[in-house]
Amino acid sequence: MIFVDGVPFSRHSSSSSQGMESDILLALLENPILLSVSNSLKANPERKFSVSEESSPERPKWVYIFQREYATVDPVFVDFVGTDEATTCVGLVIRNQRNGMTSVAHMDSPEIVEMGLSQMLSLLVEGSLEAEFDVHLIGGYEDISLQHANGSTVSESHTDLDGYSFPLCSKIVHTLWAREEKFHIQTICVLGHNTRRDSDGNAFPFLNGFMVETKTGIVIPASFDRSSRCPDEIVRRIRVSTSYDDSSWNGKLLETYDSVTDRFKIAPCLWTLRQYDIALSLQHYSDSEILSICSTSPTAEGPDFVDNLRRKWNYLIEHPHWIETFPKKQPRIFSRSSDGRWRRC
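Structure report, in brief. (Residues numbered from 1 in each chain as written. Predicted model: local features only at pLDDT ≥ 70, side-chain atom pairs only at ≥ 80, totals over all residues. Heavy atoms only, no water.)

**Structural notes on the pairing of strand β9 (residues 132–139)**
Argument step 1. Within β9, 7 of the 8 residues are buried, which leaves it mostly tucked inside the rest of the structure.
Argument step 2. Across 7 bridges, the pairing between strand β7 (residues 90–96) and β9 is antiparallel. Opposite L92, over in β9, you have L137 as the bridge partner.
Argument step 3. Pairing analysis gives 8 bridges linking β9 to strand β10 (residues 182–190), with the strands arranged parallel. Its bridge partner being in β10, E132 is matched across the sheet by K182. (Buried < 20%, exposed > 50% of the residue type's maximum accessible area, 1.4 Å probe, protein only. Helix = DSSP H or I, 4+ residues; strand = E, 2+ residues; numbered from the N terminus. Pairing = 2+ DSSP bridges.)

Here it is, written out as structure tokens:
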């Protein structure tokens, strides 16, 4: 169940499930209140996160989310939770209005939305459907032209839609609308609201990342440098890739963070000599070729996209046997030390 400005949301009528999903999304995008919020969000300066050399107990504590991951955090332990590197992906925030418990996911496919929402809500609902939640959707952009060959617009016809962002956004809002919980949409900065164009007309996402201040629920644009995408950056990147070949993760978001203990627990993931061979092969391609082969949005990726892939492939080449990374098939566990840094347990 969706609310906007405290009022139950009503959709336009449609005869097909695909049309229904599109109607809900388009009606939210056209809402003047939500449009104003998107414009205000984009006007805020971006906060840049970095792990400074001089850490201290007073330093802010945050949890970083990679693609296809999610984390539910307690304001008692965590000041900020966020993600970046999103182009066609969508960041979803669900926050319990009563206690501030906040769940953030970096969703990359419609196939993980239904189960992913259940995972996110599992620690938020408090065993009752009476809980109410603030929701923010940020990310995705117009990665296809919204004009059809016959000149009609998206609002007139949905049957020819392709691309990555639109189906994902549609699935998220329809799933929220169909569930029994009460979701108050606070931000929907996606698709056209999150698209800018260069002088040649190429489209880019306006916002690639954000963070949530857990105590207040405020969301602001954010970016994270390599040092702050922690802990276990490369292994978590590999885990995202290998999860697509692991049937146990079908339809699910990846779990990494333990809300109760404020620790990261990176479950074992398996890679084979096939991944080793692929990494060895891809390393020989040029940067432009890698972008074309490996990205859903080659012209919109960040400046470190290719470097991140090459570092991941280097790790696979140097550690072809996954058991070296997960001895005795045990998870990699990280706890927060007194200076705010993550330490391997």
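Additional details are given in the paragraphs that follow.
**Description of the pattern of salt bridges**
Argument step 1. Applying the stated rule across the entire model yields 20 salt bridges.
Argument step 2. A salt bridge links E142 to R197; its shortest N-O distance comes to 2.9 Å. Of this pair, E142 sits in the loop between β9 and α4 (165–178) while R197 sits in strand β11 (residues 195–197), placing them 55 residues apart in sequence.
Argument step 3. Overall, R197 belongs to the partly exposed group, its relative accessible area being 46%.
Argument step 4. Linking D307 and R311 is a salt bridge whose minimum nitrogen-to-oxygen distance equals 3.5 Å. In this pair, D307 and R311 both sit in helix α8 (residues 305–318), 4 residues apart, roughly one turn of the helix.
Argument step 5. Judged by relative accessible area, D307 falls into the partly exposed class, the value being 33%. (Salt bridge = Lys/Arg side-chain N within 4 Å of Asp/Glu carboxyl O.)

**Concerning the sheet that holds strand β17 (residues 263–266)**
Argument step 1. Judged by pairing direction, the sheet is antiparallel, and its 4 strands sit side by side in the order β16-β17-β18-β19 without closing on themselves. Lying at the two open borders of the sheet, with one neighbouring strand each, are β16 (257–258) and β19 (342–344).

**Quick look at the packing of aromatic side chains**
Argument step 1. With the rule as written, the count across this model stands at 9 aromatic pairs.
Argument step 2. Pairing Y64 with F66 gives two aromatic rings, centres 4.9 Å apart and planes at 80°, and the pair type is edge-to-face.
Argument step 3. Judged by its relative accessible area of 0%, Y64 falls in the buried class.
Argument step 4. Among the aromatic residues, those joined into a cluster by ring pairs are F49, W62, Y64, F66, F80 and F224.
Argument step 5. Of note, K42 hangs over the ring of F206, and the distance from its end group to the ring centre comes to 5.4 Å. (Phe/Tyr/Trp six-rings, centres within 6.5 Å; stacked < 30°, edge-to-face > 60°. Lys NZ or Arg CZ within 6 Å of the ring centre and 35° of its normal.)

**Side note on the pairing of β17**
Argument step 1. Judged by which residues are buried, β17 turns out to be one-sided: F264 and I266 face inward and are buried, whereas R263 and K265, on the alternate face, are not.
Argument step 2. Where β16 meets β17, 2 bridges bridge the pair, whose relative direction is antiparallel. By the bridge assignment for β17, D258 is matched with R263.
Argument step 3. Taking the residues between adjacent antiparallel strands as the criterion, β16 and β17 are bridged by 4 residues, where D262 takes a positive phi near 55°.
Argument step 4. As paired strands, β17 and strand β18 (residues 332–336) are joined by 4 bridges and run antiparallel to one another. Each bridged residue has a counterpart across the sheet, and for R263 the counterpart in β18 is S335.

**With respect to the layout of surface pockets**
Argument step 1. The space that makes up the second largest pocket amounts to roughly 230 Å³.
Argument step 2. Around the second largest pocket, the lining is made up of 13 residues, and of these Y70, E255, T256, Y257 and D258 lie nearest the centre.
Argument step 3. When residues of the lining of the second largest pocket are traced back to their parent elements, those giving at least two are β5 (69–73) and β16.
Argument step 4. Considering each element in turn, the lining of the second largest pocket owes the most residues, 3 residues, to β5.
Argument step 5. Tallied by class, residues from the lining of the second largest pocket come to 6 nonpolar, 3 polar and 4 charged. (1 Å grid on protein atoms, 1.4 Å probe; cavity = no way out; pocket = protein on both sides within 12 Å on 5 of 7 lines; lining within 4 Å. Points joined across faces, edges and corners; volume = space filled by probe spheres on them. Nonpolar A, V, L, I, M, F, W, Y, C, P; charged D, E, K, R; others polar.)

**Structural notes on the side chain of T325**
Argument step 1. Tracing the backbone through its elements, the reader meets T325 in the loop between α8 and β18.
Argument step 2. Look at T325 and you get buried, because its relative accessible area is 3%.
Argument step 3. Residue contacts for T325: discarding those within four places in its chain leaves V235, W271, Y315, H319, R332 and R344. (Contact = heavy atoms within 4.5 Å.)

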